[in-house]
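The residues making up each chain are set out below.
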Amino acid sequence: DDEGTWVYRGEGQVKFIRSLEEGYNRGMIRMELTKNCTLEVLMCHEVTHEDAKPMNSNKGKAYTWICKDWAYNTTKKTFAIRFNDSMQALEWKQMFEQSKINNCNVRRGVGVPDAAAVDDVTSTFKSLSTATAASPSK
């Protein structure tokens, strides 16, 4: 693969998942893309200070951002995600921004759930289906 060419990672469900385990990441929300049928993790990272920018060529249905991803390795990569319609993309963008605010607050010690809290994250952060992720090869 040539540097700068996009690598297709696959289609699947995007989920925003809050960590309730004890430790440094308690309360942090990570974004995860799992492949349809096999549940293979295609993308997994915490949203902190990244900016998701719309891709002009996809009429509001696609975004791109740079971050460290845990699914393959922890090097910084540029990601792109595309949805079937602009409403799904807008919902994803709103959840992305909410997660970023939450995670920055948790890192400052604000809004960390206590040990007794049992959060139903799916009520706050829904999953989105049929998203496509890609990242440039190195």
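Just above, that's the structure.
Each chain carries its own residue numbering, running from 1 in the direction its sequence is written. pLDDT decides what is reported in this predicted model: residues at 70 or higher carry local features, side-chain atom pairs at 80 or more are listed and counted, and totals for whole chains, interfaces and linings draw on all residues regardless. The side-chain figures draw on all heavy atoms in the structure; neither hydrogens nor water molecules are used.

All right, on to unusual backbone geometry then. For residues that are not glycine, phi is negative in most cases, and the peptide bond is trans in most cases. The backbone phi angle of Leu39 is positive, close to 60°, even though this residue is not glycine. Strands here mean DSSP runs of E at least two residues long; helices mean DSSP runs of H or I at least four residues long; both are numbered from the N terminus. The residue Leu39 is located in the loop between β2 (29–35) and β3 (41–46) in this model. Burial here depends on accessible area, computed with a 1.4 Å probe over protein chains only, as a share of the maximum for the residue type. Under 20% is buried, over 50% is exposed, and the range in between is partly exposed. Overall, the relative accessible area of 60% leaves Leu39 in the exposed class.

The next thing to look at is the pattern of salt bridges. Each salt bridge in this description consists of a side-chain nitrogen of Lys or Arg and a carboxyl oxygen of Asp or Glu lying within 4 Å of one another. Across all of its chains, the model carries six salt bridges by this definition. One salt bridge in this structure joins Lys93 and Glu97, with 2.9 Å as the shortest N-O distance. With a gap of four residues between them, Lys93 and Glu97 both fall in helix α1 (residues 86–107), about one helical turn apart. One salt bridge in this structure joins Lys100 and Glu97, with 3.3 Å as the shortest N-O distance. Of this pair, Lys100 and Glu97 are both found in helix α1, three residues apart, which corresponds to roughly one turn of the helix. Overall, Lys100 belongs to the buried group, its relative accessible area being 12%. For Glu97, a relative accessible area of 24% corresponds to the partly exposed category.

Below, the discussion takes up the layout of surface pockets. Every definition here rests on a 1 Å grid over the protein atoms only: cavities are sets of points where a 1.4 Å probe fits but cannot get out, pockets are open sets enclosed by protein on both sides within 12 Å along at least five of seven lines, and lining residues have some atom within 4 Å of a point. Grid points are joined across faces, edges and corners, and a volume is the space filled by probe spheres set on the points. In this structure, the largest pocket occupies an estimated 190 Å³ of space. Along its surface, the largest pocket is lined by His45, Glu46, Thr48, His49, Glu50, Ile66, Cys67, Lys68, Trp70 and Lys76. Among the elements that line the lining of the largest pocket, the one with the most residues is strand β5 (residues 62–68), at three residues. A breakdown of the residues in the lining of the largest pocket according to their chemical character gives three nonpolar, three polar and four charged. Each residue is assigned to one of three groups, with Ala, Val, Leu, Ile, Met, Phe, Trp, Tyr, Cys and Pro labelled nonpolar, Asp, Glu, Lys and Arg labelled charged, and all others, Gly among them, labelled polar.

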